[in-house]
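A structural walkthrough
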Amino acid sequence: MFDKSEMDQVILATGGYDHTIKLWHTHSGICYRTMQHAESQVNALEITPDKQLLAAASYQHIYMYDLNSNNSNPIVNYDGITKNVTDVGFEVDGRWMYSGGEDCRVRLWDLKSKGTQCPKIFEVQAPVTCVCLHPNQVELFVGDQSGIIYRWDLKTDHNEQLIPESDAMILDIAIDPLGTHMAAVNNKGRCYIWSLKSGQIDEPTKMNPKHKFDAHKRHALKCEFSPDSRYLVTTSADQTAKIWNTSDFSLRQELKQENQRWVWDAAFSSDSQYVFTASSDYTAKIWNIEKGTMEKEYAGHQKAVTALAFRDCAV
Amino acid sequence: MALYDNKYWLLSHIRNSFISTDDTGMCELIMTGEEGVRKHLKQSLDSYPDDEDSEDEDDLSHESYDLQLDTDFPLRYRSNTAVRLEKLEQVKKRTGRIKHIKWETNKNELSEEQIDQLFVKKEPKVIEPKQSLFSKTFKEHKMMPINPYMDYAKFDGSGQVNLQVKKYRIFLTMLPEHQRNYPLAVCCTSSAKIQELIGLILLKCSTMYEDYPWKPVNNYGLYITEEDGEVDRDFPNLDPRENIAKFGFACLGLVEHSDPSKCVSFGNSETVTIRKFDYNDKKGKDSSKQDQEKQITTDLHLMDVHKKAMEAPLYKSFKVYMINKMRAKVEIHLGISGEKIEIDPVQKNSKFVLVKQKPINHDMDMIAWCEPIETTKSNKMTFKIIYSHSFANAENVSSPTLQSSASFKSYEFEADQSIAEEIVNKINLILDLRSSDTRKEYLAAQERKYYKKKALI
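Residues numbered from 1 in each chain as written. Chains lettered and ligands numbered in written order. Predicted model: local features only at pLDDT ≥ 70, side-chain atom pairs only at ≥ 80, totals over all residues. Heavy atoms only, no water.

Quick look at the overall build of chain B
For chain B, the count of helices and strands is 13 helices and 12 strands. By residue count, 34% of the 457 residues in chain B fall in the buried class. Taking as baseline every contact in chain B between residues at least 6 positions apart, the subset at least 24 positions apart corresponds to 62%. Looking at chain B as shown, the accessible area adds up to about 30,400 Å², and 54% of this sits on carbon and sulfur atoms. (Helix = DSSP H or I, 4+ residues; strand = E, 2+ residues; numbered from the N terminus. Buried < 20%, exposed > 50% of the residue type's maximum accessible area, 1.4 Å probe, protein only. Contact = heavy atoms within 4.5 Å. Areas by Shrake-Rupley, 256 points an atom, 1.4 Å probe, with all protein chains shown as cover.)

And the structure:
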């Protein structure tokens, strides 16, 4: 057993269709806390950069849970959104939170100032499926169901559109920590890669199409770059998650297990050696990337696990 | 007719509503004291501005037929309204602790300064590859044995909203005194079976009390327990194969069975500890370690034999399978004491039990012999008990010993090897002690058979 300060630093949270959010001891697979998320399923989870709060994207709300107490109910309720919130995330210094939802809007929520006025809103034509913050913290990349990717410049409010493929929904966008590559996956299982070139001071990031490949046979649900930018993980409805080398986008590992059903979400450990996945077989799993083996299962949910959030700590 | 703009009627309606929804009866008590005020009100407020219908006047004076003012506190059922109000109150309390932030569209354009404050451009940094705390601890714990009760995690019902769950307070009787003062709160999905609930409890226990040597699930039984943690030992443990929804008890005691096959038994751990102490003392005196160990094992063995012989006539119940003539197995409780052997079928609710076994009692004097037959591959052992058929069936025979030729019959049973051996041993010890006529006759008969066979050869 760890002492508390140590334990606090590695956080794994999972949530899904059973209206609960569970926190896990990552090394033993024991669930040490269950939080109620009574009103809806959990669409997305994110931990604040200071590891104090956990945000859960739900139907019409974003709930914030206190990670350092035993309160099983949320402590903050972000209200006034119609329809599902599909994605949520934070600015690196915790100044603001962004969310995207099926009401075709991307919102920025002020976290620091006392007033509740929220600085920005961005409207698109179709339900927003994913929002990704560029590591430079001033550009948001938004994907929607009509297949458009928007680059929204937060400083100037300018936006730019990309349509990689018509008649396909963009389901997730990821940018690697160095800000050199962007990946997007769609409901046809295809993965698109752009190389990004950062602009000087206030100049926008330039995107150049680099590569496209069929990552999965069915919906690709999530994509994520590893912290060392060497790998890209994609998860899919075809019951697998795949690890790709970012050098040439060749397949590195297929993470597959009998009856694991849809794989919804994934997160890397900070040393890029392990990857967590959340799947419809009611469990989260940890995989060794080198060997491609499943190392542990986190069982306890009563229904599909569709979202996970993980914060590691460097030693 | 009473209308909603009739002030008197409204007042009276409100009063009635108060009285009918107040479960404490306090409203009523206060209102009886207001009789004077009421009369005054009646006078001042014209109860019926239109005096056309005079029948209602009577109604009003009665207020309501179904409400009687009582001066003592009546015990009332909680009204639906009260329950609903309480629920609303709880929700309000809960949400009261939640900070609500409502989306408001920002009317004012953000100033340059605000934009610069909020949106600070960062240069993506090359992250030096460092070891992650997760990987480090994960690798360290990789060699740790996996919690054997992990599979039961899926029965955890805590935090579930749309799923039926049952909450229990479990008293852990095996823990040292100072640790078992408070029951363990366990929330289990209603679909689980008792043994799965036990597994879930053990999963929780094993993480909370890591030092205690937890055993496999079938070593434990759940017993009905008082609120103060006293296990009710008059009842057997809850059938591990039954669904938990069948039992309504919220307070249960987890008891460690000294032998998983026994159904009614509470560990004799005390004697064991005493013995341990004895040998610890001896250890100090003896010089040679090997001798000492030999001594201990032989002593232990002697003690064991002695103990078994002493305990043989004591009643003990075993769960075994009875094999009938059709070679079908029926689960039964085999109760053995110095006086008699009882065969009791395990109660099953199913109406479609193919083979039924009636409960049977045999006086120990009717039992002639007990021996193992064979050990199967799956570590099971069959054994038989031979009894005198004529004696058993002729209870009204005045002196069974006069029966000249007793015919012998046998029962066959199957059980785990260790249990079977214990049973055979126990019965033979009892038979040796009693040396009944039946036994003598059986032995004589066997001997005769033996000689006959020999003569034939």
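Regarding unusual backbone geometry
Residue and element names in this part refer to chain A. With a phi close to 65 degrees, Ser 229 is a non-glycine residue in the positive phi region. Inspection of the secondary structure puts Ser 229 in the loop between β20 (220–225) and β21 (231–236). The buried category is assigned to Ser 229, whose relative accessible area is 13%. Of note, Phe 249 is a non-glycine position whose phi angle comes to about 55 degrees, a positive value. Of note, Phe 249 is situated in the loop between β22 (240–245) and β23 (251–256).

Observations regarding the nonpolar core
All names here are of chain B. If you look at the biggest cluster of nonpolar residues, it comprises 33 residues, and the most contacted ones within it are Ile 170, Leu 172, Leu 197, Ile 201, Trp 214, Leu 222 and Leu 254. Within the residue set of this core, elements represented by two or more residues are β2 (165–172), β3 (184–189), α8 (194–208), β4 (220–224) and β5 (251–256). The element best represented in this core is α8, accounting for 8 residues. Setting aside residues no more than four positions away along its own chain, Trp 214 makes contact with Tyr 149, Met 174, Leu 175, Leu 202, Cys 205, Ser 206, Tyr 209 and Tyr 220. Formed by 27 residues, the second largest nonpolar core is a distinct cluster that contains Met 322, Cys 370, Met 381 and Ile 427. (Core = buried A, V, L, I, M, F, W, Y, C linked by side-chain atoms within 4.5 Å.)

A short note on the interface of chain A and chain B
With 73 residues of chain A in contact, the opposing surface of chain B contributes 52 residues. Here chain A packs against chain B, burying approximately 5,400 Å² in sum over the two surfaces, 60% of which is carbon and sulfur. Looking only at chain A, the three residues that lose the most surface to chain B are Lys 155, Gln 302 and Val 315 of chain A, adding up to 11% of its buried area. Scanning the region where chain A abuts chain B turns up 1 salt bridge. (Buried area = accessible area lost by both parts, 1.4 Å probe. Salt bridge = Lys/Arg side-chain N within 4 Å of Asp/Glu carboxyl O.)

Some words on the pattern of salt bridges
All chains considered together, the criterion is met by 27 salt bridges over all chains. In this structure, the salt-bridge partner of Glu 256 of chain B is Lys 215 of chain B, at a minimum N-O distance of 2.4 Å. Of the two residues, Glu 256 of chain B sits in strand β5 while Lys 215 of chain B sits in the loop between α8 and β4, which places them 41 residues apart along the sequence. Taking the relative accessible area as the measure of exposure, Lys 215 of chain B reaches 32% and is therefore partly exposed. Through salt bridges that share partners, Glu 91, Asp 93 and Arg 95 of chain A together with Lys 122 of chain B make up one connected network.

Points about a nonpolar patch on the surface
All names here are of chain B. Residues Met 26, Leu 29 and Ile 30 make up a contiguous nonpolar surface patch of roughly 270 Å² in combined accessible area. By secondary structure assignment, the location of Ile 30 is in helix α2 (residues 26–32). For Ile 30, a relative accessible area of 53% puts it in the exposed group. (Patch = residues over 30% accessible without salt bridge, like charges linked within 9 Å, V, L, I, M, F, W, Y side chains within 5 Å.)

Things to note about α8 of chain B
Along its 15 residues, α8 of chain B runs 21 Å from first to last C-alpha, staying within 8% of the 21 Å computed at 1.5 Å per residue. Within α8 of chain B, 11 of the 15 residues are buried, which leaves it mostly tucked inside the rest of the structure. (Expected span 1.5 Å × (residues − 1).)

Side note on the confidence of the model for chain B
Within chain B, residue pLDDT values average 74, and 75% of them lie at 70 or more. Within the model, the stretch residues 51–62 of chain B combines pLDDT values under 50 with 12 contacts to residues more than four positions away or in other chains. (pLDDT = per-residue confidence, 0-100.)

Some points on a positive patch on the surface
A cluster of like positive charges, contributed by Arg 448, Lys 449, Lys 452 and Lys 453 of chain B, occupies part of the molecular surface. The residue Lys 449 of chain B is located in helix α13 (residues 437–456) in this model. (Lys, Arg positive; Asp, Glu negative; His and termini not counted. Charge placed at Lys NZ, Arg CZ, Asp CG, Glu CD.)

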